[in-house]
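Listed below, chain by chain, are the residues.
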Amino acid sequence: MNETSAQRSAVTFELDESTGELSAILSPSPSADPVSLPLLQNRLKTEGFDALDIDAAQLKSLVSRAASGESGAVVIGQRSDAEASIAIANNKQAAYIDIVPPRGGKPLDRVTLMALFKQYGLAEPCLQNAAIDQAVRQADEGRPIKNLLIAKAVDAVAGVDGYMETLVEETAIRIGQQEEDGTVDLRQLQDFIVLEAGTELMRRIPPTPGKTGMDVLGNTIAPKAGREVKFAEKLEGAEIDAADENLLKASVKGHPVVMSNCVRIDPTLELKGVNVKSGNIQFDGSINIRGDIDSGYVVEATGDIFVTGVIDKSRVIAGGSIAVRGGVIGEEYGKSPTLNKNPEEQELKAYLEAGKDISARFVSLAEIHAAGVVYVREYLLHCKTEAKDKVALGEEGGKGAIIGGTTQATRTVSAKTLGNEAYTTTRVSAGSEDNLAAKLALLKYQRLKRRDEFRQLAEIFKKLKARGSPETVGKVVLNKARKLNNTLAALKLQVAEMDTEIEELSQQVKGEAMISARQRLYSNVTLTIDGISETRQGDCGAISFVNRDGVLTPVNP
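A short tour of the structure in this document, coming up. For clarity, every value in this text was computed on a predicted model and none was experimentally measured.

Conventions and cut-offs
- Residues numbered from 1 in each chain as written.
- Predicted model: local features only at pLDDT ≥ 70, side-chain atom pairs only at ≥ 80, totals over all residues.
- Heavy atoms only, no water.
- Helix = DSSP H or I, 4+ residues; strand = E, 2+ residues; numbered from the N terminus.
- Buried < 20%, exposed > 50% of the residue type's maximum accessible area, 1.4 Å probe, protein only.
- Contact = heavy atoms within 4.5 Å.
- Areas by Shrake-Rupley, 256 points an atom, 1.4 Å probe, with all protein chains shown as cover.
- Pairing = 2+ DSSP bridges.
- Axes fitted to C-alpha atoms, helices over the stretch in contact; angles between N-to-C directions.
- Parallel < 35°, antiparallel > 145°, perpendicular 65-115°, else oblique.
- Left-handed = near helix turned anticlockwise from the far one by under 90°.
- Expected span 1.5 Å × (residues − 1).
- Arc of directions from axis to C-beta.
- Patch = residues over 30% accessible without salt bridge, like charges linked within 9 Å, V, L, I, M, F, W, Y side chains within 5 Å.
- Salt bridge = Lys/Arg side-chain N within 4 Å of Asp/Glu carboxyl O.
- Lys, Arg positive; Asp, Glu negative; His and termini not counted.
- Charge placed at Lys NZ, Arg CZ, Asp CG, Glu CD.
- Phe/Tyr/Trp six-rings, centres within 6.5 Å; stacked < 30°, edge-to-face > 60°.
- Lys NZ or Arg CZ within 6 Å of the ring centre and 35° of its normal.
- Nonpolar A, V, L, I, M, F, W, Y, C, P; charged D, E, K, R; others polar.

**Some details on the overall build of the protein**
Along its length, the protein carries seven helices and 39 strands. Evaluated residue by residue, the protein yields a buried proportion of 39% over its 557 residues. Long-range pairs, those at least 24 residues apart, make up 49% of the contacts in the protein between residues at least 6 apart in sequence. If you sum the accessible surface of the protein, you get close to 30,400 Å²; carbon and sulfur atoms cover 49% of it.

What follows is the structure, given as structure tokens:
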């Protein structure tokens with residue numbers, strides 16, 4: 001570069017299209033105008049070079065060089081296209097883009113970017129279209145981009161865990177019974193379901209494998225498979241279907257108890273108690289109540305009913321037996337019990353009825369009916385008790401007392417004490433009021449007479465037949481024979497019917513009916529055996545009674 005001290009230099013700009021360099025050409029001239037930095041900047045803008053990457057230091061030095069009259073060319077700027085770079089995360093879950101906007105050069109468009117993504121190996125399903133549009137728009141506006149998320153891995157979708165689909169319910173829909181006054185009886189709640197063997201109980205739904213994902217470079221991301229569930233190893237009352245390993249079926253008849261991985265079939269319904277939560281209970285099977293039956297409820301079962309607590313003024317009916325570990329507490333309707341009132345006038349709120357036996361620790365103010373035996377440890381107090389077999393108190397310890405009320409058994413009533421020191425009106429009966437033993441004896445006597453009549457008439461009929469054919473004996477004898485034959489057939493039928501009735505009565509009359517006080521019998525106790533009654537006057541020790549020829553007769557207890 002040559003220096004001319006006597007003159008200034010004119011400045012012109014020249015762009016090399018091949019290299020993109022912008023040069024300032026200094027040409028010394030006597031007529032050159034003075035040059036300033038604002039002037040140069042304005043000329044760059046006017047000539048369309050302001051978008052280039054201008055070297056501010058070089059531009060500033062150009063002012064002093066022009067003033068000094070230097071000559072030559074000075075590179076003051078560079079034209080550059082937009083530039084983009086991709087950064088891929090180490091885990092290949094994301095890719096980011098940095099963009100330097102163009103300085104007078106070519107901008108970035110979508111086609112250029114897509115080619116760049118392909119160059120980096122980015123998978124198309126992972127590209128973020130909204131981010132690409134943003135990058136193109138922002139680069140056009142000359143704004144740089146830094147760490148813009150341009151691609152994101154397609155996440156794998158985890159499989160759905162297997163699960164159990166329950167196919168049965170434990171109880172029927174809860175329904176309250178509306179009374180005439182519009183109120184709802186909340187005790188009328190639900191009926192516990194009983195299932196037959198073979199009923200489908202639960203279906204196992206297998207897990208799903210999930211859906212594969214993809215990282216930003218197109219590599220497969222394996223999904224997490226769903227967790228498998230299995231039926232319980234130990235099944236109670238249920239079995240896996242032989243034709244479908246995912247189906248659980250009932251193997252016995254009973255009540256379903258739904259669990260997390262199976263349905264248990266219980267022949268016995270298990271309850272913590274009978275109360276407002278359970279409501280009245282009706283169940284086809286046996287019931288085990290691990291608690292009390294609260295006042296005012298009804299419990300009915302076709303099987304046995306077991307109660308570990310107390311039955312309080314409720315109605316309990318079993319097709320089998322009723323066993324109460326605690327006791328039965330009753331009450332008269334609207335009345336207080338009176339020690340010496342007529343027991344038959346009592347109307348009691350507690351009611352127990354069993355197709356077999358009834359056992360309890362104690363029973364107070366309750367009506368009891370058992371087709372078998374009534375067992376009570378401590379006492380029957382002001383109760384109405386009936387047993388088709390026997391009533392037994394205190395056989396395995398306890399007070400064993402019958403006080404007040406009426407107690408009746410077909411075979412035997414046995415207690416440690418009958419009545420009490422207050423001489424409470426107490427009625428105890430055994431056998432049948434119509435004296436089944438006497439009825440049985442009479443029936444046997446009548447059958448014997450019919451058999452004798454049959455034998456006599458059969459002998460007469462035999463002689464009539466021996467006289468010859470109908471042509472020889474005549475019409476009178478023939479009519480007589482026909483009537484006799486009809487009579488024999490009728491007698492034969494009567495004897496057969498008597499045999500059946502005698503058999504039935506014999507089953508009912510199993511030995512002598514007996515009433516026993518194994519320790520003490522108090523006054524004002526009425527004893528009735530086979531319809532014969534006696535009210536005791538005065539106390540006595542251990543004693544038993546039977547009916548001998550219509551008289552209550554003491555026997556050894």
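The rest of the description comes next.
**A short note on the pairing of strand 16 (residues 255–258)**
Of the strand pairs in this sheet, strand 16 and strand 17 (residues 263–266) are connected by four bridges, and their pairing is antiparallel. Each residue of the ladder has a partner; that of valine 258, found in strand 17, is valine 263. Count of turn residues in the strand 16/strand 17 antiparallel hairpin: four residues.

**Quick notes on the packing of helix 3 (residues 110–120) against helix 4 (residues 129–140)**
Where helix 3 contacts helix 4, the two axes come as close as 10 Å, and the packing angle between them is 125°. Taken as axis vectors, helix 3 and helix 4 run oblique relative to one another. Classified by chirality, the crossing of helix 4 by helix 3 is right-handed. Judged by residue contacts, Arg110, Leu113, Met114 and Phe117 of helix 3 engage Asn129, Ile132, Asp133, Ala135 and Val136 from helix 4.

**Quick look at helix 2 (residues 56–67)**
The end-to-end C-alpha distance of helix 2 is 18 Å, a good match for the 16 Å that 12 residues give at a rise of 1.5 Å each. All buried positions along helix 2 are accounted for by Leu59, Leu62, Val63 and Ala66. Within helix 2, the buried residues cover an arc of 100° as seen down the axis, which keeps them to one side. Looking at helix 2, the residues exposed on the side facing more than 90 degrees away from the buried face are Ala57 and Lys60. Where helix 2 is buried, its residues meet strand 1 (8–15), strand 2 (21–29), helix 1 (37–46), strand 3 (53–54) and strand 4 (72–78). Glycine 69, located one to two residues past helix 2, shows a positive phi value of around 80°.

**Some remarks on a negative patch on the surface**
Side chains of Glu497, Glu501, Glu503 and Glu504 sit close together on the surface and give a patch of like negative charge. Within the secondary structure layout, glutamate 503 lies in helix 7 (residues 475–508). Accessibility expressed as a relative area gives 46% for glutamate 503, which makes it partly exposed.

**Considering the packing of aromatic side chains**
On inspection of all chains with the given rule, the structure shows two aromatic pairs. Ring centres of phenylalanine 13 and phenylalanine 49 lie 6.5 Å apart, and the angle between their planes is 75°; this geometry places the pair in the edge-to-face category. Residue phenylalanine 13 is found in strand 1, and its partner phenylalanine 49 is found in the loop between helix 1 and strand 3; the two are separated by 36 residues along the sequence. Here phenylalanine 13 falls in the buried class, since its relative accessible area comes to 11%. Since its relative accessible area comes to 13%, phenylalanine 49 is described here as buried. Its end group placed over the ring of tyrosine 351, arginine 315 keeps NZ or CZ at 4.3 Å from the ring centre. When the ring centre of tyrosine 522 is taken as origin, the NZ or CZ atom of arginine 520, which lies over that ring, is 5.8 Å away.

**A closer look at the sheet that holds strand 7 (residues 145–152)**
Across the sheet, which stays open at both edges, the three strands sit in the order 5-6-7 with antiparallel pairing between neighbours. Looking at strand neighbours, the two that pair on one side only are strand 5 (83–88) and strand 7, the edges of this open sheet. For this sheet, the mean angle separating the axes of adjacent strands, direction not counted, is 25°. Here six bridges tie strand 5 to strand 6 (residues 94–100), and the two strands are oriented antiparallel to one another. Counted as the bridge partner of isoleucine 86 is isoleucine 97 from strand 6. Where helix 3 meets the sheet, it contacts strand 5, strand 6 and strand 7, and its direction lies at approximately 35° from that of strand 5. Lying on the sheet, helix 4 is in contact with strand 6 and strand 7; it crosses strand 7 at an angle near 155°.

**A short note on the sheet that holds strand 14 (residues 238–240)**
In space, the four strands of this open sheet follow the order 8-11-15-14, with antiparallel pairing throughout. The open sheet is flanked by strand 8 (163–166) and strand 14, the only strands paired with a single partner. For this sheet, the mean inter-axis angle between neighbouring strands, taken without regard to orientation, is 25°. In terms of strand pairing, strand 14 meets strand 15 (residues 247–250) through three bridges, oriented antiparallel. Bridge pairing in strand 15 places isoleucine 240 opposite leucine 248.

**Looking at the packing of helix 1 against helix 2**
Where helix 1 meets helix 2, the closest approach of the two axes is 9 Å, and the angle between their N-to-C directions is 120°. Considering the angle they form, helix 1 stands oblique to helix 2. Between helix 1 and helix 2 the crossing geometry is right-handed. Seen from helix 1, the contacting residues are Leu37, Leu40, Gln41 and Leu44; seen from helix 2, they are Leu59, Lys60, Leu62 and Val63. Among the residues making up the contact of helix 1 with helix 2, the classes are represented as six nonpolar, one polar and one charged.

**Some remarks on the side chain of serine 9**
Tracing the backbone shows serine 9 in strand 1. Every residue in contact with serine 9, bar those within four places of it in the chain, is listed here: Leu26, Ser27, Pro28, Ser29, Ala32, Val35, Arg65, Ala66, Gly69, Glu70 and Ser71.

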